[in-house]
Amino acid sequence: MKEFRGSQNYVASEELLRAANIAMVLQKPLLIKGEPGTGKTMLAEAIAQALGKELIIWNIKSTTKAQDGLYVYDVVQRLYDSQFGGQGVDDIEKYVKLGKLGEAFTSQEQAILLIDEIDKADLEFPNDLLWELDRMEFHIPETGRTVKARHRPVVIITSNAEKELPDAFLRRCVFHYIAFPDRELMEEIVRVHYPDIDERLLAQVLEAFYKIRQLPQIKKKPSTSEIVDWIQALQHGGVDVRRIVKEVPYLGVLLKKNEDMDVLRRQWR
Amino acid sequence: MFTDLLYLLRRNGLKVSLTEWMALMEGLHKGLHSASFTGLYHLCRCLLVKSEADFDAFDRTFLEYFKDVPFQQEVSQELLDWLDRPDVLTDYANWDEIQALKNMGFSEEEIERMLRERMAEQTEEHNGGSYWVGTHGMSMFGNSGLSPKGIRVGGQSMYRRAFRVAGERKFRDFRRDNTLDTRQFQVALRHLRQFSGLVDLPPTEFDVDRTIQDTASNGGVLKVRYKRPRENTVKVLLLMDSGGSMDYYAQLCSALFQAVSKSGHFKDLRVYYFHNCPYGRLYHAPTLLSRDSIPTDWVLSNLPGDYKLILVGDAQMAPYELMGGYYGRGERAGGPQCGMDWLRLLKGRFRHTVWLNPSARPDWGEYWSQTYDRIAKEFPMFPLTVDGLEEGMKKLLAR
Ligand SMILES: Nc1ncnc2c1ncn2[C@@H]1O[C@H](COP(=O)(O)OP(=O)(O)OP(=O)(O)O)[C@@H](O)[C@H]1O
Ligand SMILES: [Mg+2]
């Protein structure tokens, strides 16, 4: 099996690389947690890219059910077809549509399956997937078919939160917490996005950024994606480098909450 | 293989089960620790620990278990065998203090010097059974008051190994006892649901699933089905103390606020702030600006009594702030005369009320506990912890 060594546009810490490889070798789902914007989603993209595999993304919402990932039996369509005498109504298979998990199982080659933001769903959601993720198969009673993974997909699961995932589920995962990047790593990440960045600009940006993150009253701390956007705004606006730490131009790009902006205006010096 | 680590971890409060342990064994068997200590550390951590809140406990345990490991470049099978240490469990109980006492005398310079010597020793006699350099560095960590600075001195890549990583204890701040988890609060808040389905409402909502099901089984002849609407009927009024002594709990309160506002499953949610005790006005923001406030009377007369009232505050103030007339006298004649009167008005209006307290009852001196006790007598009071919140929510739902 190929190892994941990071990719051109994704900076991974050594720990993250290890965890990713451990998960792949042991064929266990890799559970990634971390503050918003620390590159959880992007990790899956990077792994897929580095290994040259297809990435299948299952975005979880509050209404998502485990069943949605397996298959959906489109009864309404079938009913509709039958009322209007459509073709092939007898063929139930026609009305069974595979979900993202099903798609990953039936993929011709090994795929990367990203179950993004699993914590958005109902508390019991992860438990409902245990069997399928363990056995890598599921049964469709309507057609009597069993969908079995041709190639065990590499499963990556992300979560923003903590603790709410059930123990039984956690026991099966390899866990990695993406710590917020320190200055050094952040510098690397920024350089990936802006290889030719002005050194003075970078230094000022980092200084202002970490200073803001340290303010205890800030509720929604700016993250990696915000610093990336901020630099773009600063470069685009042609802001004088010396103004950055002093005035924090384009503050709205960094802070998304009005109260946080108020805090900063009051406390900044 | 070193099963005692499993027990040591469990003893230190990490819920490692056999499933994870077997995974670790498999990982070792497949060489996933890449024959290095750093690798072993990471392998153990990502398989045995499932929350960043437990990383710190894991780091401490790991340091403890491996403290006397003979230094070798590689983690060989022999070493792994050697690591099978039944002594560690008995050893553990008293190790900390002894080592701490011993180390108390070392200055940071001395730690640094010792590290240097050890390093030199090791490069000279590579496999000569010299003991692990981290031992001393680590034991420094055992004394939690000392910063792990000492061991960072090594600085070279050779020292980038497990003991240092664990020794840094980067995840100290994530420990459960000092992190606040809005998510856990959210989980607790989920208790605060009362579905209208439970209340006897007429079935008015079109039931797509059952209609289709029954129509299909009826051979395609339409059978329309209705169901009772199911929605959370709980409305919440949250009043939070802000400023002064509450600043200590700002993060905790903000976690609660976020959890409540993110929950999104309440039929209605109103949040206001007060300082120490609600008087004539309630404020929209924790900054308590009077231009951004409403009369408490408005809340009392406009919000129906079925709002669940949650008060959050430390209930510690000068007695006159609760009982004296200076702060609390309302404009109405015969109206409230002091803070306590306002509290009673709120309590009278809202049938279901709890008080969540981020602070424990002050046990030093009588002064601050006076108001605490009076308020606790008036309202069911729960600590603002995950468990307390859960209890409180149950109380709010009790009929
Ligand atoms: N390690 C990294 N290397 C390169 N870019 C990064 C890295 N981490 C974050 N970024 C930047 O931050 C952006 C946000 O990352 P991403 O969406 O993956 O975060 P996330 O953790 O999934 O956030 P959320 O929890 O909000 O979903 C990326 O598009 C990328 O520009
Ligand atoms: Mg994401």
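Attention shifts here to the overall build of chain B. If you tally the helices and strands in chain B, you get 19 helices and 9 strands. Across chain B, the fraction of contacts at a sequence separation of at least 24, relative to all contacts at a separation of at least 6, is 70%. Approximately 19400 Å² of chain B is accessible, and the part contributed by carbon and sulfur atoms is 51%.

Residue and element names in this part refer to chain A. Helix length check: helix H1 (residues 14-26), at 13 residues, gives a terminal C-alpha distance of 18 Å against a target of 18 Å (1.5 Å per residue), a fit within 8%. Counting buried residues along H1, 11 of its 13 residues qualify, which places the element largely inside the surrounding structure. Of the positions making up H1, those classed as buried are Glu15, Leu16, Leu17, Arg18, Ala19, Ala20, Asn21, Ile22, Ala23, Met24 and Leu26. Immediately downstream of H1, the backbone of Gln27 shows phi near 55°, a positive value.

With 89 residues, the main nonpolar core has Leu24(B) and Leu47(B) as its most contacted residues. Other than its neighbours up to four places away in sequence, Leu47(B) contacts Ile22(A), Leu26(A), Val174(A), Glu20(B), Ala23(B) and Leu24(B).

Listed per partner, the contact involves 31 residues of chain A and 41 residues of chain B. Both sides together, the interface formed by chain A and chain B hides about 3200 Å², and carbon and sulfur atoms give 60% of it. Taken together, chain A and chain B are joined by 3 salt bridges. At the boundary of chain A with chain B, the tally comes to 7 residue pairs in polar contact (both at pLDDT 80 or more). Secondary-structure elements contributing two or more residues to the side of chain A that touches chain B are H1, helix H4 (75-83), helix H8 (167-170) and strand S9 (174-178) of chain A. Top element by residues in the side of chain A that touches chain B is H1(A). It accounts for 7 residues.

A few words now on the site of ligand 1. Residue and element names in this part refer to chain A. Near ligand 1, the surroundings consist of 17 residues, among which Val11, Gly37, Lys40, Thr41 and Asn160 are the closest. Separating a nitrogen atom of ligand 1 from a side-chain N or O atom of His193 is a distance of 2.9 Å. Mapped by element, the contributors of at least two residues to the shell around ligand 1 are helix H2 (40-51), helix H9 (183-193) and helix H11 (224-237). Here the shell around ligand 1 gets 3 residues from one element, more than from any other, and that element is H2.

Working definition: the strands of a sheet are paired by backbone hydrogen bonds and lie parallel or antiparallel to each other. All names here are of chain A. Taken in spatial order, the 5 strands make up an open sheet running S2-S5-S8-S1-S9, and their pairing is parallel. What marks the edges here is a single partner per strand, and that holds for strand S2 (54-59) and S9. Neighbour-to-neighbour, the strand axes of the sheet open up by a mean angle of 20°, direction not taken into account. With 4 bridges joining them, strand S5 (residues 111-116) and strand S8 (residues 154-159) adopt parallel strand pairing. Considered in S8, the bridge of Ile115 is made with Ile157. Across the face of the sheet, H1 comes into contact with strand S1 (30-34), S8 and S9 while running at roughly 160° to S9.

This part covers the packing of helix H2 (residues 18-29) of chain B against helix H3 (residues 37-48) of chain B. All names here are of chain B. The interhelical angle for the contact between H2 and H3, taken along N-to-C directions, is 150°, at an axis separation of 9 Å. When the axis of H2 is compared with that of H3, the two are roughly antiparallel. For the crossing formed where H2 meets H3, the hand is right-handed. On the side of H2, the interface is formed by Glu20, Trp21, Ala23, Leu24, Gly27 and Leu28, while H3 contributes Leu40, Leu43, Cys44, Leu47 and Leu48. Across the contact of H2 with H3, the residue classes break down as 9 nonpolar, 1 polar and 1 charged.

The next point concerns the packing of helix H17 (residues 339-349) of chain B against helix H18 (residues 367-378) of chain B. All names here are of chain B. It is the contact of H17 with H18, at a shortest axis distance of 11 Å, that shows an interaxial angle of 20°. With respect to each other, H17 and H18 are oriented roughly parallel. As for the relative orientation of H17 and H18, their crossing is right-handed in sense. In this structure, H17 contributes Met340, Leu343, Arg344 and Lys347 to the contact, and H18 contributes Arg374, Ile375 and Glu378. Each residue belonging to the contact of H17 with H18 can be placed in one class, and the counts come to 3 nonpolar, no polar and 4 charged.

Moving on: the pattern of salt bridges. In the structure shown here, the tally under the stated rule is 29 salt bridges over all chains. For the salt bridge of Lys394(B) with Glu390(B), the shortest nitrogen-to-oxygen distance reads 3.9 Å. Here Lys394(B) and its partner Glu390(B) are both found in helix H19 (residues 386-397), 4 residues apart, which amounts to about one turn of the helix. Salt bridges sharing partners connect three or more residues here, namely Glu187(A), Arg191(A) and Glu199(A).

The subject of this paragraph is the environment of Leu300(B). Residue and element names in this part refer to chain B. Tracing the backbone through its elements, the reader meets Leu300 in helix H14 (residues 296-302). Put simply, Leu300 and Gly348 are 48 residues apart on the chain and 9.5 Å apart in space, counted from C-alpha to C-alpha. The contacts of Leu300, once residues within four sequence positions are left out, are Trp342, Leu345, Leu346 and Arg349.

Let us now look at unusual backbone geometry. One non-glycine residue with positive phi stands out, namely Tyr250(A), at about 55°. Residue placement: Tyr250(A) occurs in the loop between helix H12 (243-247) and helix H13 (251-254). Positive phi, close to 60°, is recorded for Ala315(B), a residue that is not glycine. Among the structural elements, Ala315(B) can be located in the loop between strand S7 (308-312) and helix H15 (319-323).

What counts as what
Residues numbered from 1 in each chain as written. Chains lettered and ligands numbered in written order. Predicted model: local features only at pLDDT ≥ 70, side-chain atom pairs only at ≥ 80, totals over all residues. Heavy atoms only, no water. Helix = DSSP H or I, 4+ residues; strand = E, 2+ residues; numbered from the N terminus. Contact = heavy atoms within 4.5 Å. Areas by Shrake-Rupley, 256 points an atom, 1.4 Å probe, with all protein chains shown as cover. Expected span 1.5 Å × (residues − 1). Buried < 20%, exposed > 50% of the residue type's maximum accessible area, 1.4 Å probe, protein only. Core = buried A, V, L, I, M, F, W, Y, C linked by side-chain atoms within 4.5 Å. Buried area = accessible area lost by both parts, 1.4 Å probe. Salt bridge = Lys/Arg side-chain N within 4 Å of Asp/Glu carboxyl O. Polar contact = N/O pair within 3.5 Å; in protein donor to acceptor, adjacent residues only side chain to side chain. Near = heavy atom within 4 Å. Pairing = 2+ DSSP bridges. Axes fitted to C-alpha atoms, helices over the stretch in contact; angles between N-to-C directions. Parallel < 35°, antiparallel > 145°, perpendicular 65-115°, else oblique. Left-handed = near helix turned anticlockwise from the far one by under 90°. Nonpolar A, V, L, I, M, F, W, Y, C, P; charged D, E, K, R; others polar.

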